[in-house]
Amino acid sequence: MKKFLALLAFSVTLAHSAPAQQDPKAGKILDQMSAKYQALKAFNASFTQTLENDAAKVKENLTGDITVSGQKFRLKMKGQEIINNGTTLWTYMKAENEVNISDYEPDEEEVSPSQIYTLYKKGYKYTYVQEAKEGGELCDVIELSPEDRNNAVFKVRLSVSKADKSVKSWKMFKKNGNRYTFTIKKFVPNPPVTAATFTFDKSKYKGVKVIDLR
């Protein structure tokens, strides 16, 4: 579970050091981007995620789908689902047909997918890099650097659409040589969601083994 949450998040930890001087141009764009997503009641995104490590000659691609509403989310990736209703976390492994249930403790999680669009507000210095085209769309590229030098991440590059301030992609650079690129393929604002969207219904998983860790 933590592996997948880490890939979706900008960093493994949130730093708590004193605020650094920030680039006002980058800050304005990030604020507009954040306001866009926080104004939505919910959103759904299909994505492609790439892990690269040149030294280890690794390049892996994953695809997935995530639905977010406030602090709730439902994440689907190959062979796994992670569901959070704000208080309970379900992690389902398809190969084992097993679900682990635990209390959702946001302070102990690496970073919830529902926090992605506000991470820059605490613990990061951000600077404007350049304009660049991505998928034929003009984007603003912003670089974020963690203020905490012990952070496993040393740089994040975020591409924000100039047209509608949506996130098109981000690339996370880690000190161990891993680079994670997360690209949004399809974005749906305010999809229909109910309480059932963010709850694991074991009746839909025949024979599932339930392990309650609470």
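Residues numbered from 1 in each chain as written. Predicted model: local features only at pLDDT ≥ 70, side-chain atom pairs only at ≥ 80, totals over all residues. Heavy atoms only, no water.

Overview of the overall build of the protein chain
Item 1. Secondary structure assignment for the protein chain yields two helices and twelve strands.
Item 2. A separation threshold of at least 6 residues defines the contact pool for the protein chain, and within that pool the share at least 24 residues apart is 55%.
Item 3. Of the accessible surface of the protein chain, which amounts to about 11,400 Å², a share of 50% is contributed by carbon and sulfur atoms. (Helix = DSSP H or I, 4+ residues; strand = E, 2+ residues; numbered from the N terminus. Contact = heavy atoms within 4.5 Å. Areas by Shrake-Rupley, 256 points an atom, 1.4 Å probe, with all protein chains shown as cover.)

Considerations on the side chain of Asn44
Item 1. Along the chain, the position of Asn44 falls in strand S1 (residues 43-53).
Item 2. In this structure the side chain of Asn44 is engaged in a polar contact, spanning 3.2 Å, whose partner is the backbone oxygen of Ile66.
Item 3. Ignoring sequence-local partners within four residues, the contact set of Asn44 consists of Asp65, Ile66, Thr67, Lys186, Phe187, Val188 and Pro191. (Polar contact = N/O pair within 3.5 Å; in protein donor to acceptor, adjacent residues only side chain to side chain.)

A closer look at the packing of aromatic side chains
Item 1. The tally for this structure, following the rule as stated, stands at ten aromatic pairs.
Item 2. When the ring of Tyr37 is compared with that of Phe43, the centres are 5.7 Å apart and the planes differ by 65°; the resulting orientation is edge-to-face. Neither residue differs from the other here; Tyr37 and Phe43 are each classed as buried.
Item 3. Aromatic ring contacts, followed pair by pair, group Tyr37, Phe43 and Phe187 into a single cluster.
Item 4. The ring centre of Tyr128 lies 4.0 Å from the NZ or CZ of Lys25, which sits over that ring.
Item 5. Cation over ring: Lys155 sits above Phe173, and NZ or CZ is 4.5 Å from the ring centre. (Phe/Tyr/Trp six-rings, centres within 6.5 Å; stacked < 30°, edge-to-face > 60°. Buried < 20%, exposed > 50% of the residue type's maximum accessible area, 1.4 Å probe, protein only. Lys NZ or Arg CZ within 6 Å of the ring centre and 35° of its normal.)

Overview of unusual backbone geometry
Item 1. The residue Lys57 is not glycine, and still its phi comes out positive at about 55°.
Item 2. Along the chain, the position of Lys57 falls in the loop between S1 and strand S2 (58-69).
Item 3. Looking at Lys57, the relative accessible area reads 78%, which means it is exposed.
Item 4. Of note in the backbone geometry, Lys165 takes a positive phi value of approximately 65° without being a glycine.
Item 5. In this fold, Lys165 is placed in the loop between strand S9 (153-161) and strand S10 (167-174).

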